[in-house]
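What follows is each chain in one-letter form.
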Amino acid sequence: MSESVNVSVIYYSATGTVHALARAAVEGAEKAGAQVRLRRVPETAPQEVISLRQEWVRHLADTADVELAGHDDLEWADAVLFGTPTRFGNPASQLRVFMESTGPLWFQGRLAGKVYSAFTASSTAHGGQESTLLALGNTFYHWGGIIVPPGYTDPIQFQSGNPYGTSHVSDTGAPGEVQLQAARHQARRAVEVAAALKEGRTAA
Ligand SMILES: Cc1cc2nc3c(=O)[nH]c(=O)nc-3n(C[C@H](O)[C@H](O)[C@H](O)COP(=O)(O)O)c2cc1C
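Structure report, in brief. (Residues numbered from 1 in each chain as written. Predicted model: local features only at pLDDT ≥ 70, side-chain atom pairs only at ≥ 80, totals over all residues. Heavy atoms only, no water.)

1. Topic: empty space enclosed by the protein
To keep things clear, this is the line we draw: Detection works on a 1 Å grid of protein atoms alone, calling trapped sets that fit a 1.4 Å probe cavities and calling open sets with protein on both sides within 12 Å along at least five of seven lines pockets, with lining residues defined by an atom within 4 Å of a point. Grid points are joined across faces, edges and corners, and a volume is the space filled by probe spheres set on the points. When residues are sorted by character, Ala, Val, Leu, Ile, Met, Phe, Trp, Tyr, Cys and Pro go into the nonpolar class, Asp, Glu, Lys and Arg into the charged class, and all the rest, Gly among them, into the polar class.
Enumeration over the complete set of coordinates arrives at one cavity of 30 Å³ or more. Each pocket or cavity is described by its volume, and for the largest cavity that value is around 60 Å³. Surrounding the largest cavity, Tyr 11, Tyr 12, Ser 13, Arg 40, Val 41, Pro 42, Glu 43, His 59, Leu 60 and Thr 63 form its lining. In the lining of the largest cavity, the residues fall into five nonpolar, three polar and two charged.

2. Comments concerning the pattern of salt bridges
The test is simple: Salt bridges are defined as contacts in which a side-chain nitrogen from Lys or Arg sits within 4 Å of a carboxyl oxygen from Asp or Glu. Runs of H or I in DSSP of at least four residues are treated as helices and runs of E of at least two as strands, each being numbered from the N terminus.
The tally for this structure, following the rule as stated, stands at eleven salt bridges. In this structure, Glu 27 and Arg 184 form a salt bridge, with 2.7 Å as the shortest nitrogen-oxygen distance. With Glu 27 in helix 1 (residues 17-31) and Arg 184 in helix 9 (residues 177-203), this residue pair connects regions lying 157 residues apart in the sequence. The network of salt bridges with common partners includes Arg 37, Arg 39, Glu 67, Asp 72 and Asp 73.

3. Some thoughts on the layout of surface pockets
Estimated volume of the largest pocket: approximately 400 Å³. Thr 15, Thr 17, Pro 85, Ser 123 and Ser 170 are the residues nearest the centre of the largest pocket, which is lined by 21 residues in total. Of all the elements in the fold, those that place two or more residues in the lining of the largest pocket are helix 1, strand 3 (79-87) and strand 5 (115-122). Split into classes, the residues belonging to the lining of the largest pocket amount to eight nonpolar, eleven polar and two charged. Forming the walls of the second largest pocket are 13 residues, and the residues nearest its centre are Leu 133, Leu 134, Gly 137, Ile 147 and Tyr 164. Sorting the residues of the lining of the second largest pocket by element identifies strand 5 and helix 7 (129-143) as the ones contributing at least two each.

4. Some thoughts on the packing of helix 1 against helix 9
The cut-off we apply is this: All axes here are fitted lines through C-alpha atoms, helices being fitted over the stretch that makes contact, and every angle between N-to-C directions spans 0 to 180 degrees. Here is the rule for angles: anything less than 35 degrees is roughly parallel, anything more than 145 is roughly antiparallel, 65 through 115 is roughly perpendicular, and the remaining ranges are oblique. Helix crossings get a hand from a simple test, with the near helix turned counterclockwise from the far one by less than a right angle marking a left-handed crossing and a clockwise turn marking a right-handed one. Contacts are assigned to residue pairs that have any heavy atoms within 4.5 Å of one another.
The N-to-C vectors of helix 1 and helix 9 enclose an angle of 45°; their axes lie 7 Å apart at closest approach. Here helix 1 lies oblique to helix 9, going by the angle between them. Relative to helix 9, helix 1 is oriented so that their crossing is right-handed. Contact with helix 1, carried on its side by Ala 20, Leu 21, Ala 24, Ala 25, Glu 27, Gly 28 and Ala 29, involves Gln 179, Leu 180, Ala 183, Arg 184, Ala 187, Arg 188 and Val 191 of helix 9 and no other residues of that element.

Next comes the structure, spelled out in structure tokens:
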């Protein structure tokens, strides 16, 4: 059913947590039969700030071969999953810079009608995961997107516990199997909804 669905997983990650969730989302979408692009947004932090944290320097080097996100990755996609760390209760500015570069696409209505979904990580459980995911949703509304949250649509959601989008508390370590499975489920659901929309539009 999902062969013809295109999915872009577009993320920012400084120290690898969100990158791990993004890779799981790619797995979930591919397993659901979609064509998938994994894309990172450009780093915008000054080198002197990055250099203060070895894990940040290391992660940037480790992911240098991940292609940078471009507007074509949005236009091509039927579904886009965005991943970002929580930064003071909001999406990272690196991801916002990319999103705010899309004005011309938005103006032409070329971001409308696509499926959007989002995932995040924060240091602490009450550090703002939901406010980050809801903030991304504000932009999806403006784009005329179809927001597809995971809700409690799979048993894994009762373990991961965030119906707004996959999220991980990084103070506990790297994402474990529950969060990775939740990210796979979220991506699969996005593919299924995008496939149904596509079928409906073709039939109409
Ligand atoms: C500038 C900055 C702001 C942050 N703000 C928050 C926050 O509001 N709440 C929180 O729990 N963690 C916050 N964090 C921690 C990150 O969200 C957390 O380490 C996340 O897992 C990083 O993801 P990454 O490894 O993909 O970069 C912040 C980190 C930085 C550098």
